[in-house]
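Per-entry structural report
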Amino acid sequence: MNAYTTQIIYRIKCSGTQTEQYEEQLRLVFGTDERHALEQARTIALDEESTFVDRHGRTVTWEMVAIKDLQPVDLQNGTLLMSTVKEVEPVGVHADIEA
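In what follows, the accompanying structure is described. (Residues numbered from 1 in each chain as written. Predicted model: local features only at pLDDT ≥ 70, side-chain atom pairs only at ≥ 80, totals over all residues. Heavy atoms only, no water.)

**What about helix α1 (residues 34-48)?**
For the record, the criterion: Each helix is a run of H or I in the DSSP string that is no shorter than four residues. Each strand is a run of E no shorter than two, and both are numbered from the N terminus. Multiplying 1.5 Å by the residue count of a helix minus one yields the expected span of that helix. A 1.4 Å probe rolled over the protein chains alone gives each residue an accessible area, and that area as a share of the maximum for its type sets the label: buried under 20%, exposed over 50%, partly exposed in between. The directions considered for the arc run from the helix axis to the C-beta atoms. Only heavy atoms matter for contacts: two residues are in contact if any of them lie within 4.5 Å across the pair. Within 3.5 Å is the distance limit for a polar contact, defined as a pair of N or O atoms, with the added protein rule that one can donate a hydrogen and the other accept it, and that residues adjacent in sequence qualify only through two side-chain atoms.
If you check α1, its first and last C-alpha atoms are 21 Å apart, about what 15 residues at 1.5 Å a residue would give, namely 21 Å. Of all the residues in α1, the buried ones are Ala37, Ala41 and Ala45. Within α1, the buried residues cover an arc of 75° as seen down the axis, which keeps them to one side. Counted as exposed and oriented over 90 degrees from the buried face of α1: Arg35 and Asp47. Where α1 is buried, its residues meet β1 (2-14), β2 (21-31) and β4 (59-73). A side-chain oxygen of the first residue of α1 lies 3.3 Å from the backbone nitrogen of Arg35; this N-cap is Asp33.

So this is what it looks like as structure tokens:
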């Protein structure tokens, strides 16, 4: 079996709200080849779909939208699975503000 990372996109619908909400998940799947891994990812994604009533009485639905990406990964101790670089502006430093 080969290991793959996959990104699964869900749409979250909540009755009574107009806000569009999505969740993107990074998952590890195994398959004999890329096609099999994609089938596994789809099965997992569909199994995770759900509808429930939240504590406020609203109906919440999680609906799989897409399998966004599938990449082979070599599983070894210390293998990098995800890295994010964020650039932030220091608080109080605004060159474009006039005194």
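**Thoughts on the environment of Val29**
Note on placement: Val29 falls in strand β2. Once the C-alpha coordinates of Val29 and Ile12 are considered, the two residues, 17 residues apart in sequence, prove to be 23 Å apart. Setting aside anything within four residues of it in sequence, one finds Val29 in contact with Asn2, Ala3, Tyr4, Thr6, Ala37, Ala41, Ile44 and Leu70.

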